[in-house]
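Okay, here's what each chain looks like letter by letter:
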Amino acid sequence: MVALTLLVMASAFPFYWAIVSSFTPESRLFQSPPLFPADLVLDHYRTLFNERNFWVPVRNSLIVAGTTTAFCVAIGGLCAYALARLEFRGKSLLLGVILAVGMFPQISVVSPLYLVLRQLRLINTYPGLILPYLTFAMPLTIWLLVGFFRQLPAELEEAAMVDGASRLRAFREVIVPLALPGLATTAILTFVYSWNEFLFALSFTLGPERQTVPVAIALFRGQYQVPWGQILAAAIVATAPVTLLVLAFQRRIVQGLTAGAVKG
Amino acid sequence: MSVSESEGLLRGADPIRGVERQEARLAWGLVLPAVGTILLVALFPLAWTVWESVHLHDLRMPWLGRPFIGAANYLEALGDPRFWGALGHTAFFAATSVGLELILGLGLALAMNRAFRGRGLVRAAILVPWAIPTVVAGLLWRFMFAGEGGIVNETLLDLGLLREPLVWFIEAETAWVPVILADVWKTTPFVALLLLAGLQNIDASLYEAARIDGAAAWGQFRHVTLPLLKPAILVALIFRTLDAFRVFDLVYALTGGGPGTSTEPIALYTFNALLQNLRFGYGSALSVIVFAITFGLALIYIRLLGAELTGSKR
Amino acid sequence: MAAVRLEGISKTYPNGHVAVRGLDLEIGDGEFMVLVGPSGCGKSTVLRMIAGLETPTGGRMLIGDRDVTALPPQERDIAMVFQSYALYPHMTVRENLGFGLRMRGATRPVIAERVEEASRVLGLAAVLDRKPAQLSGGQRQRVALGRAIVREPKVFLFDEPLSNLDAKLRVETRAELARLHRRLKATAVYVTHDQEEAMTLGGRVAVLRDGYLQQAAPPMELYRRPANRFVAGFVGSPEMNFLPGDILGAAAPGPGLTLGVRPHDLAIVAAGAGDLDAWVDVVEPRGSELLLYLRLGADRAGAELRVITAPEPPIEVERVVGVAFDRARLHWFEPESGQRVEVSR
């Protein structure tokens, strides 16, 4: 029990420290900082949004991650349903390929994607990020949703078909409403992964106008030194939405994270 | 034979196949958009990477064109000490961090598996590091390991473990410490959750039976928990190893591969070859090597668990 | 309403498992047909093929005079009650009942009227606005039934609909089903593994084993003249006794046959006064009657014999009694094929 408490504290501490420091004046950041600071200031947040236009990367990230998620859940949902419920040749092979694509390293497609995007003049655009994001987000979505669809009893769908619904109608009227929690969980996970993505965003953007939040933070530079206060404030801003989502849906997310892996 | 009869016979022979074909057609219709997308954005680029890797392609020297040079890029990599260094760093990082994560994750999972108050709170607390963007996590740890006045140095000084502040990022040996710690901090929760799910699948009556058979706590762990948890451990191990082999964000934010190139992992080296030096042919060869290594590991995963997943319908 | 005709229906799964072999069966218009057999005999596969949820790999299927072999379920005008009930958890009872009508494009007033009527018949009026999760097991079962009857389909299909109920409710619902069928006069196909359920419900009962039809006949015919040794053993409880045919001496109609006799067709008499003497091994009181397990042979190591007898006078264990066979109710079977041998009397 004691060990567990310590572990939880160790787990939470860096985040706590970042929050505290983001409210600490720059001059005192590296002077034997107290664990429970008394004077908190909003300076860093003010600079972040007023001078650094940090809302631009936030907007970029929202657009890119949001579009990726919507596209993947819609298109991937149909695919996952077919893989979970219909019989056709080549199904296991397809599942295997999707799983493999989901696992392969992003770096291995950076070079051609860069060349293609450059050719299509999509470097430093939203589509130029969304398309690469599909490489990892689509397999992830499909994989999670296949798991969720399989959990629904097949008899419900059979009952709907006996009741006179076509396959697609049964999907719409019975499967989708029942799979809503699973769809929501999948959407959240896909969003979190897209929001946090770094390598593609770093490779396929050129300037601040299309940078996503992680890239913007990583490339923060001050005139003489690293602007730690602003970086930490930005870190809190970057983390807040995903953290809130994750905390609100923690039970489902844990289910989603572990579903594909453990039950096998 | 009347017309209707022959029609009946004809339909009697074929319609069955027709129904199956109809279902298969519907399935392919549903699958196609997603599979097409994957082909387009993942498999086609992958093939292109392989093609690039056997060509000379340097964006800084466009006048050279893009001539076929066979295995020259691969041979260059094999003769490049920085490549071997990067591979070594990646393997070291993967082995150390995954090892620590498995041990800590197992402990955490065992602790969480006991019913206690505030379990939701614990779960939430350990989910936060997982949800933080990796780059941001790297920056947080860089901040904490800052040389002058960083909290780690201050604490170690206060405890008397250090006489003077340590500049962590100036020596390879010490630069690894925040890198490994940050990764352990960020991904142990994921490992713990995987293992916890595995633990919760173990029938509680098995422990009761083991107890009646005279097994003490250690015996129960050794003979019930470990063997039954093996699949979950295996999954966590493989997932994490694959992930660790791709490490990029964390090192980029924490050390930038430095000092020098002494903490540079293979993905960062490849990235630099591609987008810093614009050597697309050589960088692609490196990409293919990274892919081959991860693909080998992924194959093991599919072999071990994929069969169970795809084969168990109905 | 319509008749259902199965002509040489077979089902082989892609993995090579043969579930149904060349089944010919005609279910008359308005008939209540029960498919019964041990698990794995193919009865559920037959039902699912009638529903259109599985496609036969051979043969032809007709509902009325329409060939439905290749039709998907939604075009067959059938209704099915599933073992798990398969109620839509996100819909209220009212929506569950009306779903089939809605899918077939019925107008709102028609749906409302039919749902109203069905809920009255089944006593569901008070729970119409609840979700399935808020219902008791019996209520769920009735919603599943109701969902089938509001549709007024050509054929009703039942897949072990009573197996999730407790014993008391099962007997009650069985009677209710019989009443309902009498009222609706609908063609029904009912699958169960329980021979007692099959006997009490079926207008006709089809016994299946390993994908083969063994016998299809009215319940009492099945009981009195089982077509083979398997049917004889499967139908009736306690199970029929099977003995070497020469045990009754000259009574056998031929050499080497197997004799079958039901426990009810044996009587206990004084030792030496019956056809055989036997040793009483176990006595099980069953309320209205006793079930005895007897051992044949002087060394008590011979065949076991199950006998049903009146509770009075009491019978003590570990005693020797006489057993009398009802000569009019003996069954004879070929030893190899198990086929029934008819005896002209």
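Above: the structure in question.
Residues numbered from 1 in each chain as written. Chains lettered and ligands numbered in written order. Predicted model: local features only at pLDDT ≥ 70, side-chain atom pairs only at ≥ 80, totals over all residues.

A.B. asks: Explanation requested: the overall build of chain A in the structure shown.
C.D. replies: Tallying secondary structure elements over chain A gives twelve helices and zero strands in all. Projecting the C-alpha coordinates of chain A onto the three principal axes gives extents of approximately 70 × 55 × 30 Å. Classification of the 264 residues of chain A by burial places 55% in the buried group. Long-range pairs, those at least 24 residues apart, make up 77% of the contacts in chain A between residues at least 6 apart in sequence. (Helix = DSSP H or I, 4+ residues; strand = E, 2+ residues; numbered from the N terminus. Buried ≥ 20, exposed ≤ 12 C-beta atoms within 10 Å, placed from the backbone. Contact = placed C-beta atoms within 7 Å.)

A.B. asks: Sorry if this is basic, but what is going on with the overall build of chain C here?
C.D. replies: Helix and strand counts for chain C stand at eight helices and 19 strands. Judged by the C-alpha coordinates and their principal axes, chain C covers about 75 × 45 × 40 Å. Counting over 345 residues, chain C shows a buried share of 40%. Taking the contacts inside chain C whose residues are at least 6 apart along the sequence as the reference set, 63% of them involve residues at least 24 apart.

A.B. asks: Hey, could you run me through the pairing of strand β15 (residues 290-296) of chain C in this one?
C.D. replies: Each regular strand shows side chains that alternate between the opposite faces of the sheet. Residue and element names in this part refer to chain C. Note that strand β14 (residues 276-285) and β15 share seven bridges and pair antiparallel. Pairing of Ala278 across the sheet is with Leu296, part of β15. The antiparallel hairpin formed by β14 and β15 contains four residues in its connecting segment, where Gly287 sits at a positive phi of about 85 degrees. In this sheet, strand β16 (residues 304-309) lies alongside β15 in antiparallel orientation, the contact comprising six bridges. Looking at β16, one finds that Tyr293 is bridged to Arg306. (Pairing = 2+ DSSP bridges.)

A.B. asks: Help me understand the sheet that holds β15 of chain C, please; the structure alone is not making it clear to me.
C.D. replies: Strands belonging to one sheet form pairs held by backbone hydrogen bonds; the direction of such a pair is parallel or antiparallel. All names here are of chain C. Here we have five strands laid out as an open sheet, ordered β13-β17-β14-β15-β16, and antiparallel in their pairing. For this open sheet the edge positions go to β13 (266-269) and β16, each flanked by a neighbour on one side alone. Adjacent strand axes in the sheet meet at a mean angle of 45 degrees when their direction is disregarded. Strand direction decides the pairing type here: β13 and strand β17 (residues 320-325), joined by four bridges, are antiparallel. Bridge assignment links Ile268 to a residue of β17, and that residue is Val323. (Axes fitted to C-alpha atoms, helices over the stretch in contact; angles between N-to-C directions.)

A.B. asks: How should I be thinking about the interface of chain A and chain B in this particular structure?
C.D. replies: Quite often, the size of an interface is put as the accessible area lost when its parts meet. Contact with chain A, which involves 79 residues of that partner, is made by 87 residues of chain B. Considered class by class, the residues forming the side of chain A that touches chain B number 59 nonpolar, 17 polar and three charged. (Nonpolar A, V, L, I, M, F, W, Y, C, P; charged D, E, K, R; others polar.)

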